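# Working through the structure, step by step
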Amino acid sequence: MNILDQIVINKKKEVIAAKAKTSTAELEQSAAFNSGTYSFRDFLLAPARTGIIAEFKRRSPSKGIINDKVSVEDVTTAYAAAGASALSVLTDTDFFMGQQIDLLKARAVNQIPILRKDFMIDEYQIIEAKAWGADIILLIAAILTPAEIKSMSALAKSLGLNVLLEVHNLEELQRSIDPNLTAIGVNNRNLADFTVSVETSFQLFEHIPTEFLKISESAISNTDTIKQLKAAGYNGFLIGENFMKEQDPGAAIREFVKGL
């Protein structure tokens with residue numbers, strides 16, 4: 001059993017507990033649920049922005065604690081001010097030290113799209129994401145069937161949410177494409193051994209249909225890599241640990257974007 005399998009088993013228990021605590025009807029009464037969302041496409045393609053999806057992440061299963069000393073408000077507003085096109089906020093607690101309040105706090109102080117970064121296995125989590133103020137949800141092909149991706153992306157779109165599908169190889173990509181997706185992200189991390197290689201993005205690019213935004217995720221630690229990915233045709237670049245591993249993630253992204 002790999003780490004992703006463990007996370008999914010745990011997530012199923014979490015969802016059951018969440019449903020018992022807060023009903024769908026209650027979530028639908030939130031102010032955020034009934035408000036509009038920011039367009040992922042508009043911000044990602046805006047000339048004044050960088051294409052970077054900057055992540056707030058305290059820990060990961062592979063690295064352990066990355067940075068648990070900074071506030072989500074300080075980091076995410078610094079990301080946005082530095083030209084990030086979107087924010088990614090982890091809400092998984094047991095494996096990443098994220099929580100619902102992180103997303104709520106980020107939403108309260110930012111006016112750019114926010115991705116709820118979590119392991120979505122149930123439509124209830126999509127309702128949660130909208131109620132918490134997210135603009136984008138993540139669907140991971142490795143843990144979902146094509147039918148689940150179809151139904152979950154349709155629900156998300158009906159709520160005005162943008163949908164980012166994450167794939168790790170050609171097989172996942174080809175079986176998971178759906179018209180309700182907004183973007184397709186290629187995760188350069190091998191889920192079996194957690195090694196990373198940006199070559200995965202270059203190999204899969206030509207197989208991604210033109211109508212979708214194209215995102216490269218993980219293994220991006222320098223501006224030359226972004227320049228190469230942009231030249232290949234990628235629109236967005238999800239970066240987490242590269243900024244969060246620094247004492248001041250906001251200063252890290254400001255310095256980084258100088259090289260773009």
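Look up: the structure comes first, before these words.
The present account deals with the structure reproduced in this document. (Residues numbered from 1 in each chain as written. Predicted model: local features only at pLDDT ≥ 70, side-chain atom pairs only at ≥ 80, totals over all residues. Heavy atoms only, no water.)

## Re the overall build of the protein
The number of helices and strands found in the protein is 12 helices and 10 strands. Taking 2.2 N^0.38 as the reference for a compact globule, 260 residues should give roughly 18 Å; the C-alpha atoms of the protein span a radius of gyration of 17 Å, in line with that estimate. Over its C-alpha atoms, taken along the principal directions, the protein stretches across nearly 50 × 40 × 35 Å. In the protein, once contacts between residues fewer than 6 apart in sequence are set aside, the share between residues at least 24 apart is 67%. Accessible surface computed for the protein: about 11,000 Å², of which carbon and sulfur atoms make up 51%. (Helix = DSSP H or I, 4+ residues; strand = E, 2+ residues; numbered from the N terminus. Rg over C-alpha atoms; globule rule 2.2 N^0.38 Å. Contact = heavy atoms within 4.5 Å. Areas by Shrake-Rupley, 256 points an atom, 1.4 Å probe, with all protein chains shown as cover.)

## Examining the pairing of strand S8 (residues 183-187)
Extensive coverage of S8 is indicated by the burial of five of its five residues. Taking every second residue as pointing to the same face, both faces of S8 are buried, with Ala183, Gly185 and Asn187 on one and Ile184 and Val186 on the other. Where strand S7 (residues 162-167) and S8 come together, four bridges link them in parallel fashion. Paired with Leu164 across the bridge in S8 is Ala183. In the classification by handedness, the crossover that spans S7, the intervening helix H8 (residues 170-176) and the parallel S8 is right-handed. Strand direction decides the pairing type here: S8 and strand S9 (residues 213-217), joined by five bridges, are parallel. Paired with Asn187 across the two strands is Glu217, which belongs to S9. (Buried < 20%, exposed > 50% of the residue type's maximum accessible area, 1.4 Å probe, protein only. Pairing = 2+ DSSP bridges. Right-handed = clockwise from strand over helix to strand, strands pointing away.)

## Remarks on the side chain of Ser60
Tracing the sequence through the fold places Ser60 in strand S2 (residues 59-60). By relative accessible area, which is 3% here, Ser60 ends up buried. Filtering out sequence-adjacent residues up to four positions away, Ser60 remains in contact with Ile66, Phe95, Phe96 and Glu241.

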